[in-house]
Amino acid sequence: MKLNRPWRSLKHVLMFGLIGLILSGLISSCQSYPLKTARFPETITFWTMQLQPKFTPYFTDLIASFEQKNPSEIVQWVDIPWNVMESKILTAVSANTAPDVVNLNPNFASLLASKNAWVNLNDVVTSTVQKRYLPSIWQANRLGTQVFGFPWYLTTRITLYNQTILQQAGIDRAPATFSELAAAARLIKQKTGKYGFFVTFSPSDSAEVLESLVQMGVQLLDDKGEAAFNSPAGKAAFHYWVDLYQEGVLPPEVLTQGHRQAIELYQAGEIAFLATGPEFFASLEKNAPSIAQVSAAAPQITGQTGKMNVAVMNLVIPRSTQNQAGAIKFAEFVTNDENQLAFAKAANVLPSTKKAVEQYRQELATLTNATPLDQARQVSAQQLAGAEVLIPPIANLNQLKRIIYESLGAAMLGRQSVDDALAEAARLWNQNLKG
């Protein structure tokens, strides 16, 4: 046994030497002829607001098309209920777990844009891509020097009106201005006992009243961001709403209920006018077919400025994304001409690129036997040319809305005069600005 040990040692040496030669050869060959390694697909997490299940087929096809053209990317689509999106994205951004692409509106997105939460698209998007969007809509996502969102789909308010109620009140056409709206509402209340319209002053709901101030010629803030609404125009606008409420022309619950109440009242045939989008007509035909049959569409109501509102939905990209290139590529794909036009048709909204808008209008103009929904879409598309974002991105927009709405409410309830309510609102806003 002892005589065998040297041979065993020699055997081990030879064996390890051979392994070394083999490994050396493999390493050498790998260096000369690199092995091709497959790249693992990167995930793009995409959050939308309450688009399932109605638009699930559209997004399924859209994502499949993108992945086919971009095999190194996989899109994970997550649809978030409208009423929890803000809290969810705030939590995700704070925890550094935000998705790669998020569907938000500019007003809320600007809140986090002021905290530098989003990628500045001016730095990463080519001028060629930027120019494909309507210029005013691209600017709607600007805060200071940063552009924080890709414009996606648009809506312009229209006025749906109940023709039966107007006939009962002896009114031959829908009002076009706020002064005409007030006169019609008073006449409807007198002749039918019903209300002309419902508009919410709930601070947590629609900004429609805030936009109405702009349409009436009120400058909300000055160049320094301080209150500018305590002005003759602001006083006249406050008096408009206060007088209508105190005359009993507005339903008392306008101070506490949101826009949903306006929809329910219109569907029940209890109000004559509803400020909404053309996409609502499809729901009206389903939920209240008898009201839909007597409804027609007119342009949105405006003030002496003639300004009309357009609302923008956008796609933002968090700075924390680990796949910025893929996120930008996907956002550009979702908002390109072809895909915007397809979604606008599916959702009865408006596209935000120049080519898609032009094609959308041409197709609407050539419709034969247009349905009431088609007519509502035509009204919406026709007023897009002169429509604008009435309230540009403001970091603390919700606070401004709360201060103005609460001051209006105090005046409507007689707790303050219009002058005092305006002065208090201006004082609170400026104090908030300093704080």
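Scope of this entry: the structure provided in the associated data block. Since the model is a prediction, treat every value here as computed from it, not as a measurement. (Residues numbered from 1 in each chain as written. Predicted model: local features only at pLDDT ≥ 70, side-chain atom pairs only at ≥ 80, totals over all residues. Heavy atoms only, no water.)

Below, the discussion takes up the environment of D205. Within the secondary structure, D205 sits in the loop between α9 (178-192) and α10 (208-215). With relative accessibility at 29%, the residue D205 sits in the partly exposed group. For the pair formed by D205 and S87, sequence separation is 118 residues and the distance between their alpha carbons is 15 Å. Apart from residues no more than four positions distant in its own chain, D205 is found in contact with T200, G258, H259 and K401. From its side chain, D205 meets the backbone nitrogen of H259 in a polar contact 3.0 Å long. (Helix = DSSP H or I, 4+ residues; strand = E, 2+ residues; numbered from the N terminus. Buried < 20%, exposed > 50% of the residue type's maximum accessible area, 1.4 Å probe, protein only. Contact = heavy atoms within 4.5 Å. Polar contact = N/O pair within 3.5 Å; in protein donor to acceptor, adjacent residues only side chain to side chain.)

Counted by the stated rule, this structure contains 1 cavity of 30 Å³ or more. When its volume is computed, the largest cavity comes out at roughly 180 Å³. Elements with a contribution of two residues or more to the lining of the largest cavity: α9, α10 and β8 (273-276). For the lining of the largest cavity, the leading source of residues is β8, giving 3 residues. Class assignment for the residues of the lining of the largest cavity results in 10 nonpolar, 3 polar and 2 charged. (1 Å grid on protein atoms, 1.4 Å probe; cavity = no way out; pocket = protein on both sides within 12 Å on 5 of 7 lines; lining within 4 Å. Points joined across faces, edges and corners; volume = space filled by probe spheres on them. Nonpolar A, V, L, I, M, F, W, Y, C, P; charged D, E, K, R; others polar.)

Take the sheet that holds strand β7 (residues 158-162) next. The 3 strands lie next to each other as β8-β7-β9, forming an open sheet whose pairing is antiparallel. Two strands lie at the open edges of the sheet, namely β8 and β9 (295-299), each paired on one side alone. Neighbour to neighbour, the strand axes of the sheet diverge by 30° on average, direction disregarded. One ladder, built from 5 bridges, connects β7 with β9; its direction is antiparallel. For I158, the partnering residue across the bridge sits in β9 and is P299. Contacting β7, β8 and β9, helix α13 (residues 280-287) crosses the sheet at an angle of about 25° to β7. (Pairing = 2+ DSSP bridges. Axes fitted to C-alpha atoms, helices over the stretch in contact; angles between N-to-C directions.)

With that settled, the discussion passes to the pattern of salt bridges. Here the structure, examined in full by the defined rule, presents 9 salt bridges. Note that R260 is salt-bridged to E264, the shortest N-O span being 3.6 Å. In this pair, R260 and E264 are both assigned in helix α12 (residues 259-267), 4 residues apart and thus about one turn of the helix distant. Among the salt bridges present, the one from R377 reaches D374, with a minimum N-O distance of 3.1 Å. Of this pair, R377 and D374 both sit in helix α18 (residues 372-382), 3 residues apart, which is roughly one turn of the helix. (Salt bridge = Lys/Arg side-chain N within 4 Å of Asp/Glu carboxyl O.)

Counted at 1.5 Å a residue, the expected span for α9 with its 15 residues is 21 Å, and the 20 Å between its end C-alpha atoms agrees. Among the structural elements, α8 (163-169), α10, α11 (232-246) and β8 are those in contact with the buried residues of α9. After α9 finishes, the residue G193 shows a positive phi value of roughly 80°. (Expected span 1.5 Å × (residues − 1).)

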